[in-house]
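# Per-entry structural report
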2 protein chains.
Amino acid sequence: MTEELIQKGKLAKEAAHFLSFVETTEKNRFLLGLSAALLEKIPEILTENEKDIQIAKAKGMNANLLDRLRLTPARIEAIAEGVRQTSQLPDPIGEVLQMWKNEVGLQIGKQRVPLGVIGMIYEARPNVTIDAAALCLKSGNAVILRGGSDAFYSNLALTKLVQATLKAYQFPIGCVQLIEDTSRETVLALMKLNRYLDVLIPRGGAQLIQSVLNHATVPVIETGTGNCHVYVDQHADLEMAEKIIINGKCSRPSVCNATEKVLVHEKIAKDFLPLLEKSLQQEQVEIRGDERALTYLQQGKLATEEDWQTEYLGPIIAIKVVADSDEAIAHIHQYGTKHSEAIVTKDYGESRKFHRQVDAAAVYVNASTRFTDGFEFGFGAEIGISTQKLHVRGPIGLNELTSTKYIIFGEGQIRE
Amino acid sequence: MTEELIQKGKLAKEAAHFLSFVETTEKNRFLLGLSAALLEKIPEILTENEKDIQIAKAKGMNANLLDRLRLTPARIEAIAEGVRQTSQLPDPIGEVLQMWKNEVGLQIGKQRVPLGVIGMIYEARPNVTIDAAALCLKSGNAVILRGGSDAFYSNLALTKLVQATLKAYQFPIGCVQLIEDTSRETVLALMKLNRYLDVLIPRGGAQLIQSVLNHATVPVIETGTGNCHVYVDQHADLEMAEKIIINGKCSRPSVCNATEKVLVHEKIAKDFLPLLEKSLQQEQVEIRGDERALTYLQQGKLATEEDWQTEYLGPIIAIKVVADSDEAIAHIHQYGTKHSEAIVTKDYGESRKFHRQVDAAAVYVNASTRFTDGFEFGFGAEIGISTQKLHVRGPIGLNELTSTKYIIFGEGQIRE
């Protein structure tokens, strides 16, 4: 284990103890200070970001990744605005979720407390550095950040700014720290840093997340891939179905809540698929279909087994004709990633069945899968979408970054 | 990966799908059937248990472990009664914890669903086989059991009884299965069976739990060790403090919520320690103390660094004199295992401070640490005490064996 990890782990643990009972007004004052500091230091941040951009260009990084890496004045303003909004969200810490008396008169309360120290492992997206710092601090957690090496200078500049603001507001710098050693050994050691970390949150592509799942001994909140389906029932409003699929696929194809697959009831395939094909073609979406779907489509190539498993994250969609909702649900059960699944139907019984039988973080009737998002759900912010079943499923907002403890009030009770 | 694991994993996954929407009455009918079957088959179960006992005796197993392994008619009756009581507990599945409308009129509900497939890894305590089967099934989860090899014949007999009852009530046998291969390779493979398992719950000693934490890639609910402290404040009712400590230490020394350490404010040490010593001696508890504590005690040897770290699980207690609650809280922060911690005080401010600053699953004012238990908390049953911060902290009852999904009701909403 590297010296840097041990040293930062210790500072984080001390800072987490401090943060666990610091008052809300203090946390909010810091966040407003950080928001202002970001706006003030835009030129300095851009200078450091430009170093990363130049190195990435020299390495031949593709345009999509370069775009995620790049900061602009408008983007920094948006990040600062996010921090300001976080200061306005309710503080989850201290809330007593339930309180009751037991049989011998103990009053038992279940109270929200911070998780402690969170490790964030992410790719070359500098905005995550500030988003994670703000959300972790507001929820009373210390955070150790390990961003992608391609964003090294940007992350360093942003973390220094955060730490200067921490000092200015009398918070320990252990509240937010960046691992500067971006070697593979160090990130592997971070995944096993149980002595100092309470939870790891990986954010990024499937490969990053799989690596964390394989190597971590620290408990992980898995943020997941989304192979999301829309099932168009025989009793669907076809126009509604078309709008929901186009929105699901096209409004932002690169995100995990985008619709990747369409399952169509055989009784309406003949009417629906030509309608859908026309809209998809207008949006320049490539269509793949099973044999039956292709008989109703003018273009489109045959979908393979791999297609049903793939999260395209781009302008491709695969369509399958199914005999009924049983087949649709079985297909989702087999190929879905338990992220977001939708049915379009006017039938009450089919809507109930879909809600009951489909196992996913978010199960929709007559709405776009794109709504699976902390902001859309009304959580005010999010740090990712969890597709695991332990601790949190769906958007990870401030409440989801907390644990609980039982606080018990007695008058000398002893157990029989 | 062994054939047995793959085959049982598949059956468990299918059974979990079935269990996720089977009705409460069906589950309760099965549980009552199982309770009756246990009572009916007492002689057969005892015969198989006797085989384990004979093998264990030949191996020289110690009396304490032998006692945990042994079944008697009374113990089987108690297990059957536990199953019957589980049938009477409220079914957590289907409960909608919150429901709200978002800004575009989507109605979003957060509904309890089962975790899926639970892997239980435990030692040679045959009662766990039935307790775990009943609680997992009631909460809609399939379970794969891997009990200690010393209880092989008992576990096999009990699992066969469960599976016969499953068949009789038209439940798939994949609901409750036992891994019959008790080799180390197989248990290691079980810990990495992410394809079929949603969560692992180890139950047993520190060594078993550490092994699972080190090797598992499946998410783990850690059931923990308890190095529990009672801090006796200068404003304590000394008689109450004495009762709370004697109850905490002596009512059942072998369990994780037993009191292991006493911290005494220096201003009352002189009055309190002789009183406490007398009671501890009556209960034949060995006393260890720091230098200051020993000056007030007639007997007792000097506590070492190791003592402060140790969960004795037996008739030993260690006592330290502290300057104030800050020193007590710092000591708990350094040596506690975040299980159960108590203060005895009449002072309002000290009670508030202890509740706020001590980080543990259960933080008591003026009550025995022995209350940290699913039955005492009113949960009706429990499968262990979690000392981790993710997913569940404290007693693991039926609610804690669930996850959630968002069910969303729309009228064609798409995202802007």
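Residues numbered from 1 in each chain as written. Chains lettered and ligands numbered in written order. Predicted model: local features only at pLDDT ≥ 70, side-chain atom pairs only at ≥ 80, totals over all residues. Heavy atoms only, no water.

The name given to chain A in an unreviewed UniProt entry is Gamma-glutamyl phosphate reductase, and the organism recorded there is Isobaculum melis. Regarding chain A, the UniProt comment filed under Sequence similarities (unreviewed entry) reads as follows: "Belongs to the gamma-glutamyl phosphate reductase family." (UniProt positions renumbered as here; feature names shortened; annotations may be inferred.)

For chain A, the count of helices and strands is 16 helices and 16 strands. With the C-alpha coordinates of chain A rotated into their principal frame, the extents come out at 70 × 65 × 35 Å. Within chain A, the fraction of its 416 residues that count as buried is 58%. Within chain A, contacts between residues separated by at least 24 positions form 72% of all contacts whose residues are at least 6 apart in sequence. For chain A, the computed accessible surface area is about 16,600 Å², with 49% contributed by carbon and sulfur atoms. Where the 46 positive side-chain charges of chain A centre and where its 53 negative ones centre are 3 Å apart. (Helix = DSSP H or I, 4+ residues; strand = E, 2+ residues; numbered from the N terminus. Buried < 20%, exposed > 50% of the residue type's maximum accessible area, 1.4 Å probe, protein only. Contact = heavy atoms within 4.5 Å. Areas by Shrake-Rupley, 256 points an atom, 1.4 Å probe, with all protein chains shown as cover. Lys, Arg positive; Asp, Glu negative; His and termini not counted. Charge placed at Lys NZ, Arg CZ, Asp CG, Glu CD.)

With that settled, the discussion passes to the domain arrangement of chain A. Taken domain by domain, chain A holds domain 1 (3–223 + 396–409) and domain 2 (228–375). Relative to domain 2 of chain A, the C-alpha centre of domain 1 of chain A lies at a distance of 35 Å. (Domains from an automatic or database assignment.)

A separate point is the sheet that holds strand 7 (residues 228–232) of chain A. Picture the strands of a sheet paired through backbone hydrogen bonds; they go either parallel or antiparallel. The mixed open sheet is built from ten strands, whose spatial order is 10(A)-9(A)-11(A)-8(A)-7(A)-12(A)-13(A)-16(B)-2(B)-1(B). Each end of this open sheet is capped by a strand with a single partner; those strands are strand 10 (301–302) of chain A together with strand 1 (96–101) of chain B. Bridge count between strand 7 of chain A and strand 8 (residues 259–265) of chain A: five bridges; the pairing is parallel. Following the sheet pairing, C228 of chain A is matched in strand 8 of chain A by T259 of chain A. This element, helix 10 (residues 238–250) of chain A, spans strand 7, strand 8, strand 11 (316–322), strand 12 (340–344) and strand 13 (362–367) of chain A together with strand 16 (402–413) of chain B of the sheet and lies at about 170° to strand 7 of chain A. (Pairing = 2+ DSSP bridges. Axes fitted to C-alpha atoms, helices over the stretch in contact; angles between N-to-C directions.)

All names here are of chain B. The four strands lie next to each other as 5-4-3-6, forming an open sheet whose pairing is parallel. Looking at which strands have only one partner, the edges of the open sheet turn out to be strand 5 (176–178) and strand 6 (199–203). The average angle at which neighbouring strand axes cross in this sheet is 20°, direction not considered. Alignment of strand 4 (residues 142–146) against strand 5, held across three bridges, turns out to be parallel. For I144, the partnering residue across the bridge sits in strand 5 and is Q177.

The sites that carry the UniProt feature "domain: Aldehyde dehydrogenase" (unreviewed entry) are, in the present numbering, residues 36–285 and 308–378 of chain A. Secondary structure across residues 36–285 of chain A divides into 50% helix and 18% strand, with the first and last C-alpha atoms of the span separated by 42 Å.

Before going further, it helps to spend a moment on the pairing of strand 6 (residues 199–203) of chain A. Residue and element names in this part refer to chain A. The buried fraction of strand 6 amounts to four of the five residues, a majority that puts the element mostly inside the structure. Across five bridges, the pairing between strand 3 (residues 117–122) and strand 6 is parallel. Bridged to M120 within strand 6 is I201.

Moving on: the pairing of strand 11 (residues 316–322) of chain B. Residues and elements named next belong to chain B. Extensive coverage of strand 11 is indicated by the burial of seven of its seven residues. The two faces of strand 11 match: I316, A318, K320 and V322 on one face and I317, I319 and V321 on the other face are all buried. Both strand 8 (residues 259–265) and strand 11 contribute to a ladder of five bridges, which runs parallel. Residue pairing across strands places V262 opposite I319, the latter belonging to strand 11. Where strand 9 (residues 286–289) and strand 11 come together, four bridges link them in parallel fashion. Note on strand 11: the bridge partner recorded for R288 is A318.

It is worth spelling out the relation of the copies chain A and chain B at this point. The transform that puts chain A on chain B rotates by 180° and translates by 0.0 Å along the axis, for an RMSD of 0.1 Å. Taken together, these values place the two copies in the relation of a two-fold axis. Considering only C-alpha atoms, the part of chain A nearest the rotation axis is H391 of chain A, at 1.8 Å. Most of the interface of chain A is mirrored in chain B, where 100% of its interface residues again form contacts. (Least-squares fit on C-alpha atoms with pLDDT ≥ 70 in both.)

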